[in-house]
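# Working through the structure, step by step
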Amino acid sequence: MTDASKSEQLLAVYDDQLRGTSESADVPTSMDGPVIRVEYPSRGFVSYRTLDGLDSAEIDALIARQRDYFAAKGQAVEWKLRGHDQPADLPDRLRAAGFEPEEQETVLVAESADIAERLRGRDAVDGVTIRLVSDRADFERIAAMESTVWNDDWSWLTDDLVRRHAAGTDIFVAEVDGQVVSAAWAVYKKGTEFTGLWGGSTLAEWRGKGIYKALVAVRAARAVELGYKYLHVDASDDSSPILQRLGFLAVTTTTPYVHKPA
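To start, this report covers the structure provided alongside it. (Residues numbered from 1 in each chain as written. Predicted model: local features only at pLDDT ≥ 70, side-chain atom pairs only at ≥ 80, totals over all residues. Heavy atoms only, no water.)

### Digging into the packing of helix H5 (residues 136–150) against helix H6 (residues 156–166)
Interaxial distance between H5 and H6 falls to 8 Å at its minimum, and their mutual angle equals 135°. One element, H5, and the other, H6, form an angle in the oblique class. Along this stretch, H5 crosses H6, giving a crossing that reads as right-handed. Residues Arg-136, Phe-139, Glu-140, Ile-142, Ala-143 and Glu-146 of H5 form the contact with H6, whose participating residues are Leu-157, Thr-158, Asp-159, Leu-161, Val-162 and His-165. Among the residues making up the contact of H5 with H6, the classes are represented as six nonpolar, two polar and four charged. (Axes fitted to C-alpha atoms, helices over the stretch in contact; angles between N-to-C directions. Helix = DSSP H or I, 4+ residues; strand = E, 2+ residues; numbered from the N terminus. Parallel < 35°, antiparallel > 145°, perpendicular 65-115°, else oblique. Left-handed = near helix turned anticlockwise from the far one by under 90°. Contact = heavy atoms within 4.5 Å. Nonpolar A, V, L, I, M, F, W, Y, C, P; charged D, E, K, R; others polar.)

Rendered as C-alpha cells:
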C-alpha cells in the first residue's frame, strides 16, 4: 500500500472515531444540528463530523449561533477546522462571522505497534530519567518547565494535568539531576482505538539529544500495552518533520478559528 493510500485509510478512521462526541468526553455539551457545543470552564469549543446536507445560508446561520451562544456567556469559542472539511469556503465563512485563524497544525496518525517497533531501544537517553508521574508537585514542576519554554505563565497547566490524570491520562517527565527538562502525556480516547500524544516541549539546552523520541517511544509502547491501535498528534511545524521521519503519516491539517467577544 502506498503512503497516499495509507493516509486516506487513516483519515477515514480518524474521522470516524475522533470527530464529534469523542472530542467532548467528560465535558458538558449541548447540540445544535450537526455540531456539538463543548462547554469548557473558560471557553467554548465546536465539534462536528460533517456539515453535509446544509446549504450556504444554513451553514452561515449555524456559525453565527455558535458565536452568539458563547458571546452571551462572555466566552471565546474555538471552531476546529480540518483541512479537508467541506464546503471549501468554510474558512471564509468563519472569518466573515468574526472568527480569526490561529496557528495551523498537521494531523499525524500512525499505528502504535509500528512506532513502538521502529523506536525499540530508543526509549532511554544517557543521563536522563524518564518516569510516569502522578503527584501534583510533579505537575507543578512540569508547568514551571513549560513556562520557561514558552516564556509565559503556564501555571494553569498544573490543574489541567490534575484533571487529565484523574481521567486516565498517563503523564511522563524527563529529568536530569532532578530537573524536569521535558514532559509529555498520552490521552487514551475511550470508545476509540486512538491514543493522543500531547506535550513534548523540551528546554532549549536539552533539545536534539533524543529526549523527544524517547517520550514518543514510551507512549507508543504504553498504547500497545493498553490495546490502542493508533496514535495521533496535532503537530506543530517543529515536531511534524520529526514524527514523519519516525513513520507518522500526515492525514489532514487542523486550524483553530477563534471568536472572542468584545
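### Focus on the nonpolar core
Counting 26 residues, the largest nonpolar core has Ile-142, Leu-157, Leu-161, Ile-171, Trp-185 and Ile-211 as its most contacted members. Only H5, H6, strand E8 (170–176), strand E9 (179–188) and helix H7 (211–226) provide two or more residues apiece to this core. For this core, the element with the highest residue contribution is E9, accounting for six residues. Each residue touching Ile-171, except ones within four places of it in the same chain, is listed here: Arg-131, Leu-132, Val-133, Phe-139, Ile-142, Leu-161, His-165, Ala-184 and Trp-185. Among the nonpolar cores identified, the runner-up in size contains 20 residues, and Leu-108, Tyr-212, Ala-217 and Ala-223 belong to it. (Core = buried A, V, L, I, M, F, W, Y, C linked by side-chain atoms within 4.5 Å. Buried < 20%, exposed > 50% of the residue type's maximum accessible area, 1.4 Å probe, protein only.)

### A few points about H6
Taken residue by residue, H6 has Leu-157, Thr-158, Asp-160, Leu-161 and Arg-164 as its buried positions. Down the axis of H6, the smallest arc covering the buried residues is 165°, so these residues share one side. Looking at the buried positions of H6, the neighbouring elements they touch are H5, E8 and E9. Gly-168 lies just past H6 and shows a positive phi near 110°. (Arc of directions from axis to C-beta.)

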